[in-house]
Amino acid sequence: MSSLWEQRAARNEALFREVNENIARLEERHGTTATEPVYVCECADAGCAEQITIAPETYRRVREDPRLFFVRPGHEDPQLERIVEHHDGYLIVEKTGAAGEVAKQTS
Ligand SMILES: [Zn+2]
């Protein structure tokens, strides 16, 4: 089961992931460890601009799996993903089905 909508949603999420990767690289370059980096919500909504504070070690751990994304609570889409971890201010979701395949291809 792979609809166009599903693929588009997965691409949006991969795009937000790319934004966050740039943030992570900047953080490393400047070595700012005093405050936790602020990332953008990686949900399927292209118009979403919500911010999430993620501990660097958590960010790194999740990024190692291309199927995992960070979203604000309530921004998860049960049709595309399942919640694997609840954190303060954000959720970690895993792509399921076709969306997971697109996420892997674009990583
Ligand atoms: Zn969102």
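Only a predicted model underlies this, so the values are computations on that prediction, with no experimental measurement involved. (Residues numbered from 1 in each chain as written. Predicted model: local features only at pLDDT ≥ 70, side-chain atom pairs only at ≥ 80, totals over all residues.)

## Here we look at the overall build of the protein
Here's step 1: When helices and strands are tallied, the protein shows three helices and five strands.
Here's step 2: Pairs at least 24 residues apart make up 52% of the contacts formed inside the protein by residues separated by at least 6 positions. (Helix = DSSP H or I, 4+ residues; strand = E, 2+ residues; numbered from the N terminus. Contact = placed C-beta atoms within 7 Å.)

## Observations regarding the pairing of strand E5 (residues 90-95)
Two faces belong to every sheet, and in a regular strand the side chains alternate between them.
Here's step 1: Among the six residues in E5, five count as buried, and that is most of the element.
Here's step 2: Where strand E3 (residues 68-71) and E5 come together, four bridges link them in antiparallel fashion. Directly across from Leu-68, in E5, lies its bridge partner Glu-94.
Here's step 3: As paired strands, strand E4 (residues 81-87) and E5 are joined by six bridges and run antiparallel to one another. When the sheet's bridge partners are listed, His-86 is paired in E5 with Leu-91. (Buried ≥ 20, exposed ≤ 12 C-beta atoms within 10 Å, placed from the backbone. Pairing = 2+ DSSP bridges.)

## Structural notes on the nonpolar core
When a protein is soluble and globular, its nonpolar side chains tend to lie buried together.
Here's step 1: Counting residues in hydrophobic clusters, the biggest one holds 20 residues, and the most contacted among them are Ile-52, Phe-70, Val-71, Tyr-90 and Ile-92.
Here's step 2: The set of elements that each furnish at least two residues to this core consists of helix H1 (4-30), E3 and E5. (Core = buried A, V, L, I, M, F, W, Y, C linked by C-beta atoms within 7 Å.)

## Some words on the sheet that holds E4
Here's step 1: Strand order in the open sheet formed by three strands is E3-E5-E4, and the pairing between neighbours is antiparallel. Edge positions in the sheet fall to E3 and E4, since each of these pairs with one other strand and no more. Across the sheet, the mean angle separating the axes of adjacent strands is 30° when strand polarity is ignored. (Axes fitted to C-alpha atoms, helices over the stretch in contact; angles between N-to-C directions.)

## Here's the deal with the environment of Lys-95
Here's step 1: Within the secondary structure layout, Lys-95 lies in strand E5.
Here's step 2: As for Lys-95 and Leu-68, which are separated by 27 residues in sequence, their C-alpha atoms are 6.4 Å apart.
Here's step 3: Contacts of Lys-95, omitting those with residues within four sequence positions, involve Ala-10, Arg-67, Phe-69, Leu-80, Glu-81, Gly-100 and Ala-103.

## Considerations on the environment of Pro-73
Here's step 1: As for its placement among the helices and strands, Pro-73 is situated in the loop between E3 and E4.
Here's step 2: Contact partners of Pro-73, with chain neighbours within four places excluded, come to Tyr-90 and Leu-91.

## Things to note about the environment of Tyr-90
Here's step 1: For Tyr-90, the location among the structural elements is in strand E5.
Here's step 2: For the pair Tyr-90 and Glu-76, spaced 14 residues apart in sequence, the C-alpha to C-alpha distance is 10.0 Å.
Here's step 3: Setting aside residues up to four positions removed in sequence, Tyr-90 forms contacts with Ile-52, Ile-54, Phe-70, Val-71, Arg-72 and Pro-73.

Everything listed is a geometric property; what it means functionally is a separate question.
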